[in-house]
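Examining the three-dimensional arrangement
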Amino acid sequence: MLGNFTYCNPTKLYFGDDSLKYLNDELPKYGKNVVLVYGGGSIKKNGLYDDVVSILKNCGKTVSEISGVMPNPTLAKLYEGVEIARKANADLILAVGGGSVCDYSKAVAVSVHCDEDPWEKYYVRFEEPTCRIVPVGCVLTMSGTGSEMNAGSVITNSETKQKIGHVFASEEVMPRFSVLNPKYTLTLPKYQMVAGIYDIFNHICEQYFSGDDDNTSDYISEGLMRSVVHSSRIANGNPQDYEARSNIMWTATWALNTLVAKGKTTDWMVHMLGQAVGGYTNATHGMTLAAVSLAYYRHIMPYGPAKFVRFAKNVWNVNGKGKTDEQIANEGLAAMESWMKELGLVMNISDLGVTGDMIEGIADVTLVMDGGYKVLSRDEIVEVLKESM
Ligand code: NZQ
Ligand code: ZN
């Protein structure tokens, strides 16, 4: 384990099929005015909306609503929500939904008392909040992003086609509490379920594929990856399998709540490429990652071969006997590819709506990170995107 770090995660988790009742313990800790945030209506269809509203009422809360938060929430929607939360004099923002609703709620939370333009301050200049932050609580309905226990918030500026994530340093941006009930994820369409599964897996890869030191984080990561792959196969066969869905929900949280990043420089280039594709196409987040991953990993493999060999052996059970390191590493990626195909993930960006004339524009909005095995040049970004078509 190289490097020095501080570790603190203040989010309290309530996990399990009866966990919603703990809202009754959390709500009295905050003032009267609650802003309930949700998406396009799935929580109304499955009854969760009624259950949450009834607890809010029983706790004597005055409830305002921000509804219709779309997947890949937009800046225009953020401005709209900030006005609602200001008028409501929000004491708590309660996010009920997937990563988009959680991310959006955090963006509202840091903007309500902010005098500056939140896009410029948080997503262009990457500054930390200097104002009071409204507390956020979360009832999660989709596994994938880890937003339930982290300080990340991704917003899309549809005008400039930029999809940008800010991982805030301030612990106050993290949800104060999150209710994780795997039962709620059972109504997810399969497309979203598998996209979320790949998002989890890739979050772990993004942190794993960096550094050469002997680091506990890598051993934890391998365990998490094996668990996701195992449970994903069960859930893919039977999406109603509660045990598999509960393990998927729990690994999603641990994949991106800062734990496995400890002591790591971390890569994040698949996410930067995927987000750039998302800014152009508004495609589902996990699918954008799946569509660029193989081209990217095959491109960087020569720069970090030892970790790719380890990945092949420890995550995919590749038998290295009599093989070169390159063969072993390639077998690992091939095993990952066949698992991805088995799940039915989108394997190339043209299937997400990318056309040849968009490649340069997508490359323009791809942020370059320097924590992985290779800092990509602009030409390499274009090459990986073309390979992903
Ligand atoms: O809007 P509703 O009607 O609720 O439908 C949603 C949405 O259409 C539906 N859904 C969610 N739970 C459901 C359900 N449908 C039926 N039953 C349920 N239980 O699923 C669709 C997708 O939801 P969304 O919240 O967009 O998915 P996800 O959780 O993947 O979140 C994606 C967003 O999170 C960002 C992504 O970029 C994207 O904007 N990310 C946030 C991160 C973070 N905070 O750290 C990291 C990630 O890498 C990611 O970038
Ligand atoms: Zn992600």
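Quick note: structure is the one above.
Presented here is an overview of the structure given in this document.

Thresholds, definitions, all that
- Numbers given to residues run from 1 along each chain, matching the order in which its sequence is written.
- Chains and ligands are labelled by the order in which they are written, letters from A for the one and numbers from 1 for the other.
- For this predicted model, a pLDDT threshold of at least 70 governs which residues receive local features, and a threshold of 80 or more governs which side-chain atom pairs are given and counted, while totals over whole chains, interfaces and linings are taken from all residues.
- To get the side-chain values, take all heavy atoms of the structure and skip hydrogens and water.
- Stacked, tilted and edge-to-face pairs are distinguished by plane angle, under 30 degrees for stacked and over 60 for edge-to-face with tilted covering the rest, among Phe, Tyr and Trp rings (Trp via its six-membered ring) whose centres lie within 6.5 Å.
- Put simply, DSSP marks the helices as runs of H or I at least four residues long and the strands as runs of E at least two long, and each gets a number from the N terminus on.
- Residue burial is assigned from relative accessible area. The probe radius is 1.4 Å, only protein chains are included, and a residue is buried under 20% of its type maximum, exposed over 50%, and partly exposed in between.
- Each patch is built from residues lacking any salt bridge and having more than 30% relative accessible area; the joining distance is 9 Å for like charges and 5 Å for nonpolar side chains (Val, Leu, Ile, Met, Phe, Trp, Tyr).
- Per-residue and other accessible areas follow the Shrake-Rupley method at a 1.4 Å probe size, with only the shown protein chains counted as cover for residues.
- Definition used for salt bridges: Asp or Glu carboxyl oxygen within 4 Å of a side-chain nitrogen of Lys or Arg.
- Note on contacts: a residue pair qualifies if any of its non-hydrogen atoms lie within 4.5 Å across the two residues.
- What makes two strands pair is DSSP finding at least two bridges between them.
- The axes used here are C-alpha line fits, helices contributing only the stretch in contact, and every angle between their N-to-C directions lies in the interval 0 to 180 degrees.
- Only a single heavy atom is needed: when it lies within 4 Å of a molecule or strand, its residue is near that molecule or strand.
- Pairs of N or O atoms within 3.5 Å make up the polar contacts considered here, provided that, within protein, one atom can donate a hydrogen while the other can accept it, and that residues adjacent in sequence are counted only when both atoms are side-chain atoms.
- When residues are grouped by polarity, Ala, Val, Leu, Ile, Met, Phe, Trp, Tyr, Cys and Pro land in nonpolar, Asp, Glu, Lys and Arg in charged, and all others, Gly among them, in polar.
- By this rule the span expected of a helix is its residue count minus one, scaled by 1.5 Å.
- The arc under discussion is defined with respect to the helix axis, by the directions toward the C-beta atoms.
- Each angle is binned into one of four classes, with values under 35 degrees roughly parallel, values over 145 roughly antiparallel, values of 65 to 115 roughly perpendicular, and all other values oblique.
- Helix crossings get a hand from a simple test, with the near helix turned counterclockwise from the far one by less than a right angle marking a left-handed crossing and a clockwise turn marking a right-handed one.
- Here, the term nonpolar core denotes a set of buried Ala, Val, Leu, Ile, Met, Phe, Trp, Tyr and Cys residues that are joined through side-chain atoms within 4.5 Å.

**Regarding the packing of aromatic side chains**
- Applying the stated criterion to the full structure yields 21 aromatic pairs.
- Geometrically, the ring pair formed by Tyr198 and Trp339 is tilted, given 6.3 Å between the ring centres and 45° between the ring planes. Placement of the pair is Tyr198 in helix 7 (residues 190-208) and Trp339 in helix 13 (residues 325-343), with a sequence separation of 141 residues. As far as burial versus exposure is concerned, Tyr198 and Trp339 are alike and both buried.

**Notes on a nonpolar patch on the surface**
- Taken together, Met1, Phe5 and Tyr7 make up a surface patch of nonpolar side chains, about 290 Å² in accessible area.
- Looking at the secondary structure, you find Tyr7 in the segment before strand 1 (12-15).

**Some thoughts on the environment of Ile84**
- Positionally, Ile84 belongs in helix 4 (residues 75-87).
- Look past the residues within four positions of Ile84 in its chain and what remains in contact with it is Glu65 and Ile66.

**Some words on the sheet that holds strand 8 (residues 177-180)**
- Across the sheet, six strands lie side by side as 1-8-5-4-2-3; this open sheet has parallel pairing. Each edge of the sheet is formed by a strand with only one pairing partner; in this case those strands are strand 1 and strand 3 (62-66). Neighbour-to-neighbour, the strand axes of this sheet turn through a mean angle of 20°, independent of strand direction.
- Relative to strand 4 (residues 92-97), strand 2 (residues 33-38) runs parallel, the two being bridged by five bridges. Each bridged residue has a counterpart across the sheet, and for Val34 the counterpart in strand 4 is Leu92.
- Packed on one face of the sheet, helix 9 (residues 242-255) meets strand 1, strand 5 (136-140) and strand 8 and runs near 170° to strand 1.

**A word on the side chain of Glu222**
- One can find Glu222 in helix 8 (residues 216-237).
- Setting aside residues no more than four positions away along its own chain, Glu222 makes contact with Tyr208, Arg310, Asn314 and Val315.

**Remarks on the site of ligand 1**
- The full set close to ligand 1 counts 30 residues, and Gly40, Ser42, Gly99, Ser100 and Tyr184 are the nearest of them.
- Ser42 is positioned with one of its side-chain polar atoms (N or O) 2.7 Å from an oxygen atom of ligand 1.
- The backbone of Gly99 places a nitrogen or oxygen atom 2.7 Å from an oxygen atom of ligand 1.
- For ligand 1, whose unbound accessible area comes to 960 Å², protein coverage reaches 89%.
- Only helix 5 (99-109), strand 6 (152-157), helix 7 and helix 10 (269-281) provide two or more residues apiece to the shell around ligand 1.
- Here the shell around ligand 1 is built from residues that sort into eight nonpolar, 19 polar and three charged.

**Focus on helix 4**
- In this model, helix 4 (13 residues) spans 19 Å end to end at C-alpha, consistent with the 18 Å of a helix rising 1.5 Å per residue.
- Of all the residues in helix 4, the buried ones are Leu75, Lys77, Leu78, Gly81, Val82 and Ala85. Along the axis of helix 4, the buried positions cluster into a sector of 140°, meaning they face one direction only. Along helix 4, the residues that are exposed and aim more than 90 degrees away from the buried face are Ala76 and Lys87.
- On its buried side, helix 4 packs onto strand 2, strand 3, helix 5, helix 6 (118-124) and strand 6.
- Backbone geometry just downstream of helix 4 places Asn89 in the positive-phi region, at approximately 55°.

**Brief notes about helix 13**
- The terminal C-alpha atoms of helix 13 lie 28 Å apart, and with 19 residues this matches the ideal 27 Å at 1.5 Å per residue to within 8%.
- Among the residues trailing helix 13, Gly344 stands out with phi positive, at a value near 85°.

**Describing the pattern of salt bridges**
- By the definition in use, this model includes 18 salt bridges.
- Here Arg86 makes a salt bridge to Glu83, at a shortest N to O gap of 3.3 Å. With Arg86 and Glu83 both in helix 4, this residue pair falls three residues apart, about one helical turn.
- Using a relative accessible area of 36% as the deciding quantity, one classes Arg86 as partly exposed.

**Describing the packing of helix 11 (residues 285-300) against helix 15 (residues 378-387)**
- As a packed pair, helix 11 and helix 15 sit with axes 8 Å apart at the nearest point and diverge in direction by 130°. As judged from the angle between their axes, helix 11 and helix 15 are oblique. Relative to helix 15, the crossing made by helix 11 is right-handed. Seen from helix 11, the contacting residues are Val292, Ala295, Tyr296 and His299; seen from helix 15, they are Glu380, Glu383, Val384 and Glu387.

**Observations regarding unusual backbone geometry**
- With a phi angle near 55°, Phe126 is a residue other than glycine that sits in the positive phi range.
- Take Phe126: it is sitting in the loop between helix 6 and strand 5.
- Taking the relative accessible area as the measure of exposure, Phe126 reaches 37% and is therefore partly exposed.
- One non-glycine residue with positive phi stands out, namely Trp268, at about 70°.
- Residue position: Trp268 is located in the loop between helix 9 and helix 10.
- You can call Trp268 buried: its relative accessible area is 16%.

**A look at the nonpolar core**
- Judged by nonpolar contacts, the single largest core of 68 residues is most densely connected at Phe201, Tyr297, Phe311, Trp316, Met336 and Trp339.
- In contact with Tyr297, not counting residues within four places along its chain, are Asn202, Cys205, Glu206, Phe209, Val270, Phe308, Leu333 and Met336.
- Of all hydrophobic cores here, the second largest spans 38 residues; its members include Ala95, Cys102, Tyr104 and Tyr123.

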